[in-house]
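# Descriptive analysis of the structure
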Amino acid sequence: MSGREQWGTRAGFVLAAIGSAVGLGNIWRFPYVAYENGGGAFFLPYLFALLTAGIPLLIMEFTIGHKNRGSAPLSYARLNKKTEWIGWWQVAISFVISTYYAVIIAWAIAYTYFAVNQRWGEDTGGFLMGEYLQRVDIVSGGAPGDLGSLVPGVFIPLILVWVIALGVLFKGVKRGIEVANRIFIPLLVVMFLLIVIRAVTLEGAALGLDAFFRPNWDEIMSPEVWVAAYGQIFFSLSIGFAIMVTYSSYLPKKADINNNAFITGFSNSSFELLAGIGVFAALGFMASASGVEVADVASAGIGLAFVVFPEIINTFPGFNGFFGVLFFGSLVLAGLTSLISIVETFVAGIQDKFNISRVKAVAFGGGLSALISLLFATQGGLFFLDAADYFVNQFGIALAGLVSVIIVAWFLRKLPELQDHANSVSDFRTGLWWKVCLGVITPIVLGYMFIQNTITNLTSNYEDYPTSFLLLSGWGVAIAVIVVGFIFAAVKWQKNALEMPKDKN
Ligand code: PHE
Ligand code: NA
């Protein structure tokens, strides 16, 4: 073993962690989730979830990776031999997400291309989503469960996505991941700020902002709102799916864990707030221009970014191609840095376990994910994507986060040891609150969430999809990732692999 790779600089690590956190979740997910769950009132459960679960868990994952200096499976195995499967479970969740996350980036590339070419307007919204949805439903008479044939408008950009992501990963942590984030993140911030500034200065922007921030206090007592806040925080901060453990395993011995966790957490939330402002200002503009209520244009959910937004930008008073490029280009950059982080989890995992080179690990692991992602670039792929996304979030990320917290806090009783480790390298120390959040508050809230979700999904079919379809692409996927976790954990490690490497810093 020639020693583990390392980040070149502190800023490099922080940018990469922010790059992973800031993703499609910030731009297209946060604005409509906040809006649908109480608007201004959503910020209360959201902040609560950030401070009691998000940042404490981020500190825990940073510490586990930093202390044990391994991919998630190796780090969990070093924590205790019996918990290696948690690492693999989280890696398997990442693998599933990578297969469809890449497809969403591919859509964004296609839209950026339309904007450049001014093929922008009626056919934009209709083009892609239409090929996806209408063909399946109407032309082929298909239903959820049929794949249909490949959609070229998605297939070609999808290849590009994988060439970039795997190209960066081939180059390694310092020369690949760090360099990519140093370029992409500042560029993303500038591009996104430009479009937000444009949006808030449009006529009618205030209407949209009012709709977004107006607190609906009645909603705040409903459990769904709290579930939504926790779900958003977990997905958005990339916790519970092996990413932050992996990235922090490349930190040098001297690295400020607590500070870095706060910087990452608050940067990610700032970006969400910014996205909420930009998106709703633009919605307000569109609503007032076409004389409808903001609520009518805002109810598009997932379709917001890819169906409503092209229309909005198209009606901008001037430079709409340019702003189209800014918006969809932002999605591409935010998505790529997240995709890179998620693929790195399984690249690092198989590299550690099977003692193979990075290049081989990228080729096998990344290659397999790329191949599977082609399934989602088909006419019926959108349904699979939707179901897998929902189940992997509910019975993957949130559940894996719950299980890891309970096992680390209550079975292994490792919180004091981890806290000492983090405090010994950090500028400021965390106190009792950290242990209370992780040991008590988070397990209670997540446990409640899990029970509620299970009941809901057992008594009704998500989106009314057919049961056989959900068994395969929903429940099947959620169970398969756990089974995969146990299988990989059962494979024997090479001699001495679990011992800590001895190196200089
Ligand atoms: N944090 C990401 C986001 O907000 C989620 C994510 C990270 C998804 C990495 C995939 C890979 O979009
Ligand atoms: Na995020």
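For the chain, an unreviewed UniProt entry supplies the name Transporter and the organism Halalkalibacter nanhaiisediminis. Under Subcellular location (unreviewed entry), UniProt gives the following word-for-word description of the chain: "Membrane". Quoted verbatim from the Sequence similarities (unreviewed entry) heading of the UniProt record, the comment on the chain is "Belongs to the sodium:neurotransmitter symporter (SNF) (TC 2.A.22) family."

Along the backbone of the chain there are 20 helices and zero strands. Since a compact globule built from 505 residues should have a radius of gyration of about 23 Å, the 22 Å found for the chain is in line with a globular shape. Taken along the three principal axes of its C-alpha coordinates, the chain extends 65 × 45 × 45 Å. Counting every position in the chain, which comprises 505 residues, the buried fraction comes to 55%. Expressed as a percentage of contacts within the chain between residues at least 6 apart in sequence, the contacts between residues at least 24 apart total 86%.

The next thing to look at is unusual backbone geometry. Positive phi, close to 50°, is recorded for Arg413, a residue that is not glycine. For Arg413, a count of 11 C-beta atoms within 10 Å gives the class exposed.

This part takes up helix 15 (residues 320-354). Here helix 15 spans 50 Å end to end across 35 residues, near enough to the 51 Å set by a 1.5 Å rise per residue. When you tally the buried positions in helix 15, you get 30 out of 35 residues, the bulk of the element. Asn355 occupies a position one or two residues after helix 15 and carries a positive phi of about 55°.

A word on the environment of Ile177. Along the polypeptide, Ile177 turns up in helix 8 (residues 173-200). Under the C-beta neighbour-count criterion, Ile177 is labelled buried, with 27 such atoms within 10 Å. Taking the C-alpha atoms as reference, Ile177 lies 10 Å from Leu166; in sequence the two are 11 residues apart. Excluding residues within four positions of it along the chain, Ile177 makes contact with Ala16, Val168, Ile340 and Glu344.

This part covers the site of ligand 1. Around ligand 1 lies a shell of 16 residues, among which Gly23, Gly25, Ser238, Ser338 and Ile342 are the nearest. Where the shell around ligand 1 is concerned, the elements lending two or more residues are helix 1 (10-21), helix 2 (24-36), helix 5 (84-116), helix 10 (223-236) and helix 15. Looking at the shell around ligand 1 element by element, the count peaks at four residues for helix 15.

Turning our eyes to something else, we now look at the packing of helix 3 (residues 43-68) against helix 19 (residues 432-459). Between helix 3 and helix 19, whose axes approach to 9 Å, the crossing angle comes to 115°. By crossing handedness, the relation of helix 3 to helix 19 is classed as left-handed. Packed against helix 3, whose contacting residues are Thr52, Ala53, Pro56, Leu57, Ile59 and Met60, the element helix 19 presents Trp434, Cys437, Leu438, Ile441 and Thr442 at the interface. Across the contact of helix 3 with helix 19, the residue classes tally to nine nonpolar, two polar and no charged.

Tracing the sequence through the fold places Gly329 in helix 15. Sequence-wise, Gly329 and Ile243 are 86 residues apart; in three dimensions their C-alpha atoms are separated by 24 Å. When residues no more than four places from it in sequence are discounted, the contact partners of Gly329 are Thr112 and Met191.

What follows deals with the nonpolar core. Among soluble globular proteins, nonpolar side chains are generally buried collectively. Formed by 178 residues in total, the largest nonpolar core has its most connected members in Ile93, Val103, Ile105, Ala106, Ala165 and Tyr230. No other element matches the 24 residues that helix 5 contributes to this core. Beyond its immediate sequence surroundings of up to four residues, Ile105 is in contact with Val161, Val332, Gly335, Leu336 and Leu339.

How two helices sit against one another is set out by the angle between their axes and by the gap between those axes. Closest axis-to-axis distance for the helix 4 (residues 72-79)/helix 5 pair is 6 Å, and the angle between their directions is 160°. Judged on the interaxial angle alone, helix 5 and helix 4 are roughly antiparallel. Crossing geometry of helix 4 relative to helix 5 is assigned as right-handed. Together, Ala72, Pro73, Ser75, Tyr76 and Ala77 of helix 4 and Glu84, Ile86, Gly87, Trp88, Gln90 and Val91 of helix 5 make up the contact between the two elements. Here the residues of the contact of helix 4 with helix 5 are counted per class, giving seven nonpolar, three polar and one charged.

What follows deals with helix 3. A rise of 1.5 Å per residue sets the reference length of helix 3, with its 26 residues, at 38 Å; its end C-alpha atoms lie 35 Å apart and thus fit the reference within 8%. The largest bend in helix 3 is about 40°, located at Leu50. Following helix 3 by one or two positions, Arg69 has its phi on the positive side, about 50°.

Here the chain averages 88 in pLDDT, while 91% of its residues score no lower than 70. Considering each helix and strand of the chain separately, the mean pLDDT is smallest for helix 6 (residues 122-139), with a value of 42, and largest for helix 11 (residues 243-248), with 98. Below a pLDDT of 50 lies the segment residues 121-142, which in the model reaches 37 contacts outside its immediate sequence neighbourhood of four places, other chains included.

Cut-offs applied
- Residues numbered from 1 in each chain as written.
- Chains lettered and ligands numbered in written order.
- Predicted model: local features only at pLDDT ≥ 70, side-chain atom pairs only at ≥ 80, totals over all residues.
- UniProt positions renumbered as here; feature names shortened; annotations may be inferred.
- Helix = DSSP H or I, 4+ residues; strand = E, 2+ residues; numbered from the N terminus.
- Rg over C-alpha atoms; globule rule 2.2 N^0.38 Å.
- Buried ≥ 20, exposed ≤ 12 C-beta atoms within 10 Å, placed from the backbone.
- Contact = placed C-beta atoms within 7 Å.
- Expected span 1.5 Å × (residues − 1).
- Near = placed C-beta within 6 Å.
- Axes fitted to C-alpha atoms, helices over the stretch in contact; angles between N-to-C directions.
- Left-handed = near helix turned anticlockwise from the far one by under 90°.
- Nonpolar A, V, L, I, M, F, W, Y, C, P; charged D, E, K, R; others polar.
- Core = buried A, V, L, I, M, F, W, Y, C linked by C-beta atoms within 7 Å.
- Parallel < 35°, antiparallel > 145°, perpendicular 65-115°, else oblique.
- Bend = angle between axes of the 7 residues up to and from the residue.
- pLDDT = per-residue confidence, 0-100.

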